[in-house]
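Fold and geometry: a report
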Amino acid sequence: MLQTISAFDRIGEENAFAVLARAAELSRQGRDVINLGIGQPDFRTPDHIVEAAIKALRDGHHGYTPANGLPECREAVAERTLQTTGIEISPDSVMIMPGGKVTMFAAILMFGEPGTEILYPDPGFPIYRSMIEFTGATPVPVPIREENGFAFSAEETLSLITPKTRLLILNSPANPTGGVTPKSEIEALVRGLEAHPQVAILSDEIYDTMTYDGEEHCSLLTFEQIRDRLILLNGWSKTWAMTGWRMGWSIWPDGLYDKVRKLAVNCWSCVNAPAQFGGIAAIRGPQDAVDTMISAFDRRRGVIVEGLNELPGVSCATPKGAFYAFANVRDIGRPAKHLASELLEKADVALVGGPDFGILGEGYIRFSYANSEENILRAIERIKNYLDK
Ligand code: PLP
């Protein structure tokens, strides 16, 4: 057996992919599995985006692009940032990345090493913790609580900062909870962070377009006082239903930009050229398909929350963002991961157990409502029948 460096023994997984693989296997065996497990829109990428990428291929865009991305693609991101946040950024602060995840990877790699601490949301996207452990840094969970509407608390977050803290990871709207942190809480956090200038901030805003009930997304980019230590993660995967294209972007402060550009040169060289043309069309083209998708998510949100709250032993707070409902299943009295796996194996409904998102996820199951209303209702019916047995 070859021995790798120990970091590879600490690297984790994203269990949603394992659930997806198992659901696909059951489907191949002829089972009619309803997938509320995976976090990706069930919509196709809008046609004009697909056409722009095909045209780019036909026009001969087959070579490398600059490592930081095509200038036009970075300009498009700067235009969109101005539209959505009111903040003018330079296209030279934008990195085009092969997916949202890669920004996480780069940022955590930049700040994590033994003896340092990195704060991350728990429950939260599992790759944060996995990457922190990979670097040898100490992962410090910031509790995300149902009683706080699944928003992060500024006070609790600030209380966890020590002189060893190098990076703070924030995520709103959030996976897996659908929580949206209110502007007032973010303002309080930013005020508190002024006392900790050694702490860099990674704000994962990949669900920025998906908020409901009039809730407004508040970007960390709007706070001038932390701009010199803020890394903003965003991308095309969710908003334009482009998860398989592997297209993300991030905005970096001056001192870090060249480091991440060099990481790109050393690792992925650049993002696939036709995909970047698709990305430009996504930002500059019509947004009606995005609006239609988000309205559909909003309707499904109502359907799933109502259905879940009718199940015995289940209670589900109404999520304010993303496309996830994080249902409290404590009263069912079984470990959440077991329950999620029983529901897949015995009721043909694919879900992800809360503990796959962190220790504080115990007692919860994540339902991705990126599926049709009809399938959501069928899934609820199946779960009900299973729980009634
Ligand atoms: N950040 C969060 C909070 C996510 O939920 C996801 C995907 O599920 C990502 C980042 C990664 O996105 P991408 O598929 O573009 O790598």
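It should be noted that the structure appears before, not after, this text.
Values in this document were obtained by computation on a predicted structure and should not be read as measured data. (Residues numbered from 1 in each chain as written. Predicted model: local features only at pLDDT ≥ 70, side-chain atom pairs only at ≥ 80, totals over all residues. Heavy atoms only, no water.)

1. What to know about the overall build of the protein
From N to C terminus, the protein includes 13 helices and 12 strands. Since a compact globule built from 389 residues should have a radius of gyration of about 21 Å, the 21 Å found for the protein is in line with a globular shape. The C-alpha extent of the protein, read off along each of the three principal axes, is 60 × 55 × 55 Å. When the accessible surface of the protein is split by element, carbon and sulfur atoms take 52% of a total near 16600 Å². If you average the places of the 37 positive and of the 50 negative side-chain charges in the protein, the two averages end up 5 Å apart. (Helix = DSSP H or I, 4+ residues; strand = E, 2+ residues; numbered from the N terminus. Rg over C-alpha atoms; globule rule 2.2 N^0.38 Å. Areas by Shrake-Rupley, 256 points an atom, 1.4 Å probe, with all protein chains shown as cover. Lys, Arg positive; Asp, Glu negative; His and termini not counted. Charge placed at Lys NZ, Arg CZ, Asp CG, Glu CD.)

2. A look at the nonpolar core
In this structure, Trp236, Ile304, Leu308 and Phe367 are the most contacted members of the largest nonpolar core, which totals 132 residues. If you tally residues by element for this core, the top one is helix H11 (residues 288-309), at eight residues. Looking at this core, you find at least three residues from each of domain 1 (7-44 + 288-388) and domain 2 (64-284). Excluding anything up to four places from it in sequence, Trp236 contacts Cys73, Val77, Ile96, Ala241, Met242, Met247, Gly248, Trp249, Gly279, Ala282 and Ile283. (Core = buried A, V, L, I, M, F, W, Y, C linked by side-chain atoms within 4.5 Å. Buried < 20%, exposed > 50% of the residue type's maximum accessible area, 1.4 Å probe, protein only. Domains from an automatic or database assignment. Contact = heavy atoms within 4.5 Å.)

3. Some points on the site of the ligand
Neighbouring the ligand are 14 residues; Asp204, Tyr207, Ser237, Lys238 and Arg246 lie closest to it. One of the backbone N or O atoms of Gly100 is found 2.7 Å from an oxygen atom in the ligand. One nitrogen or oxygen atom from the side chain of Tyr207 is found 2.7 Å from an oxygen atom belonging to the ligand. In terms of residue class, the shell around the ligand is made up of five nonpolar, five polar and four charged. (Near = heavy atom within 4 Å. Polar contact = N/O pair within 3.5 Å; in protein donor to acceptor, adjacent residues only side chain to side chain. Nonpolar A, V, L, I, M, F, W, Y, C, P; charged D, E, K, R; others polar.)

4. Points about the packing of helix H5 (residues 101-111) against helix H6 (residues 126-135)
Two numbers describe how H5 lies on H6: the axes approach to 9 Å, and their chain directions differ by 35°. By crossing handedness, the relation of H5 to H6 is classed as right-handed. Of the residues in H6, those touching H5 at Lys101, Met104, Phe105, Ile108 and Leu109 are Ile127, Tyr128, Met131, Ile132, Phe134 and Thr135. The residue inventory of the contact of H5 with H6, partitioned by class, reads nine nonpolar, one polar and one charged. (Axes fitted to C-alpha atoms, helices over the stretch in contact; angles between N-to-C directions. Left-handed = near helix turned anticlockwise from the far one by under 90°.)

5. Details of the pattern of salt bridges
Any two side chains of opposite charge can pair, on the condition that their charged atoms come close. This structure, assessed with the given rule, holds 24 salt bridges. Residues Arg301 and Asp213 are paired through a salt bridge, measuring 2.7 Å at the closest nitrogen-oxygen approach. Within this pair, whereas Arg301 is found in helix H11, its partner Asp213 is found in the loop between strand E6 (200-204) and strand E7 (230-235), the two being separated by 88 residues in sequence. Owing to a relative accessible area of 4%, Arg301 belongs among the buried residues under this scheme. (Salt bridge = Lys/Arg side-chain N within 4 Å of Asp/Glu carboxyl O.)

6. Examining the side chain of Gln276
By the element assignment, Gln276 lies in helix H10 (residues 273-284). The buried category is assigned to Gln276, whose relative accessible area is 0%. Every residue in contact with Gln276, bar those within four places of it in the chain, is listed here: Thr65, Gly69, Leu70, Cys73, Ile96, Met247 and Val271.

7. Looking at the sheet that holds strand E9 (residues 324-328)
The strand order across the open sheet formed by three strands is E9-E12-E11, and the pairing between neighbours is antiparallel. Each end of this open sheet is capped by a strand with a single partner; those strands are E9 and strand E11 (352-353). As judged from the five bridges shared by E9 and strand E12 (residues 364-368), these two strands associate in the antiparallel manner. When the sheet's bridge partners are listed, Phe326 is paired in E12 with Arg366. Set on the sheet, helix H12 (residues 336-347) makes contact with E11 and E12; between it and E12 the angle comes to about 40°. (Pairing = 2+ DSSP bridges.)

8. Section: the packing of aromatic side chains
This model, assessed by the stated rule, comprises 13 aromatic pairs. Each ring, one from Phe150 and one from Tyr364, has its centre 5.9 Å from the other, and the planes form 75°; the classification is edge-to-face. Of this pair, Phe150 sits in the loop between strand E4 (138-143) and helix H7 (154-159) while Tyr364 sits in strand E12, and the two are 214 residues apart along the sequence. Summarising the burial analysis for this pair, Phe150 and Tyr364 share the class buried. Taken together, a centroid distance of 4.9 Å and an interplanar angle of 50° make the contact between Phe323 and Tyr324 tilted. (Phe/Tyr/Trp six-rings, centres within 6.5 Å; stacked < 30°, edge-to-face > 60°.)

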